[in-house]
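Summary of structural features
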Amino acid sequence: MTSTYVRFQGTVRHERGHFPGVFVLVNGLARDGLLTEEQERFRRANNDWYDAAYQNPMHVDDTVYDREINPGAVAWFKPTATHLLERVPGYLEILAAHGVECRMVRSDDPGRVVYEDDVQVVVVPYGDGR
């Protein structure tokens, strides 16, 4: 089994300096009222499924995404999270339909781990470009 972590992220940096993840991108389209009814049904049903399937790191530690404490913190899937990764293509289809680029990135060591559970890590990326 590989030890590579996986992340789906946009290609344009967020105002906070990092590349927003797939869920942030799709939720942003929804917030802006840009999704079709079908896309919104998919987003809502699958967001609800994800909420039930895995722990929100902020419910465990409300500082995990704090800009001062953990600048640039982002979540990565563990390679064992195959059941979570199976639903990502639907989100990618929504982004593609709206011309929002999103890419998959992999890393064996994406940063300093500030949160970890059985399916994900939240890391602060290394400042040295690793």
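Structural notes, computed from the coordinates. (Residues numbered from 1 in each chain as written. Predicted model: local features only at pLDDT ≥ 70, side-chain atom pairs only at ≥ 80, totals over all residues. Heavy atoms only, no water.)

What follows deals with the pattern of salt bridges. Counted according to the given criterion, the structure contains 4 salt bridges. A salt bridge links Arg31 to Asp32; its shortest N-O distance comes to 3.8 Å. On the basis of relative accessibility, which here comes to 66%, the residue Arg31 falls in the exposed class. Here Arg44 makes a salt bridge to Asp48, at a shortest N to O gap of 2.6 Å. Linking Arg44 with Asp48, this pair stays in helix α2 (residues 37-53), spanning 4 residues, or about one helical turn. Note on Arg44: relative accessible area 34%, which makes it partly exposed. (Salt bridge = Lys/Arg side-chain N within 4 Å of Asp/Glu carboxyl O. Buried < 20%, exposed > 50% of the residue type's maximum accessible area, 1.4 Å probe, protein only. Helix = DSSP H or I, 4+ residues; strand = E, 2+ residues; numbered from the N terminus.)

Another aspect to go through is the environment of Asp66. Note on placement: Asp66 falls in the loop between α3 (57-60) and β2 (74-77). Residues Asp66 and Leu29, 37 residues apart in the sequence, show an inter-C-alpha distance of 23 Å. Among the polar contacts listed, one links the side chain of Asp66 to the backbone nitrogen of Glu68, at a separation of 2.8 Å. (Polar contact = N/O pair within 3.5 Å; in protein donor to acceptor, adjacent residues only side chain to side chain.)

What follows is about the packing of aromatic side chains. For the structure on display, the rule yields 7 aromatic pairs. Summarising the aromatic geometry, the rings of Tyr50 and Tyr54 are spaced 5.9 Å apart at their centres and angled 90 degrees between planes, so their arrangement reads as edge-to-face. Chaining the aromatic ring pairs together yields one cluster made of Phe23, Phe42, Trp49, Tyr50, Tyr54, Phe77 and Tyr91. Against the face of Trp49 rests Arg87, its NZ or CZ located 3.8 Å from the ring centre. The ring of Phe19 is capped by Arg103, whose NZ or CZ atom sits 5.6 Å from the centre of that ring. (Phe/Tyr/Trp six-rings, centres within 6.5 Å; stacked < 30°, edge-to-face > 60°. Lys NZ or Arg CZ within 6 Å of the ring centre and 35° of its normal.)

Turning next to the pairing of strand β4 (residues 112-116). Across 4 bridges, the pairing between β4 and strand β5 (residues 120-124) is antiparallel. Within β5, the residue paired with Val113 across the bridge is Val123. In textbook terms, the turn of a hairpin is the stretch between consecutive antiparallel strands, and for β4 and β5 this stretch comprises 3 residues. (Pairing = 2+ DSSP bridges.)

Attention now goes to the side chain of Lys78. With respect to the helices and strands, Lys78 occurs in the loop between β2 and α4 (82-85). Taking the relative accessible area as the measure of exposure, Lys78 reaches 14% and is therefore buried.

Considering the arrangement of structural elements, one finds Gly28 in helix α1 (residues 22-31). Spatially, the C-alpha atom of Gly28 lies 14 Å from that of Ala97, the residues being 69 residues apart in sequence.

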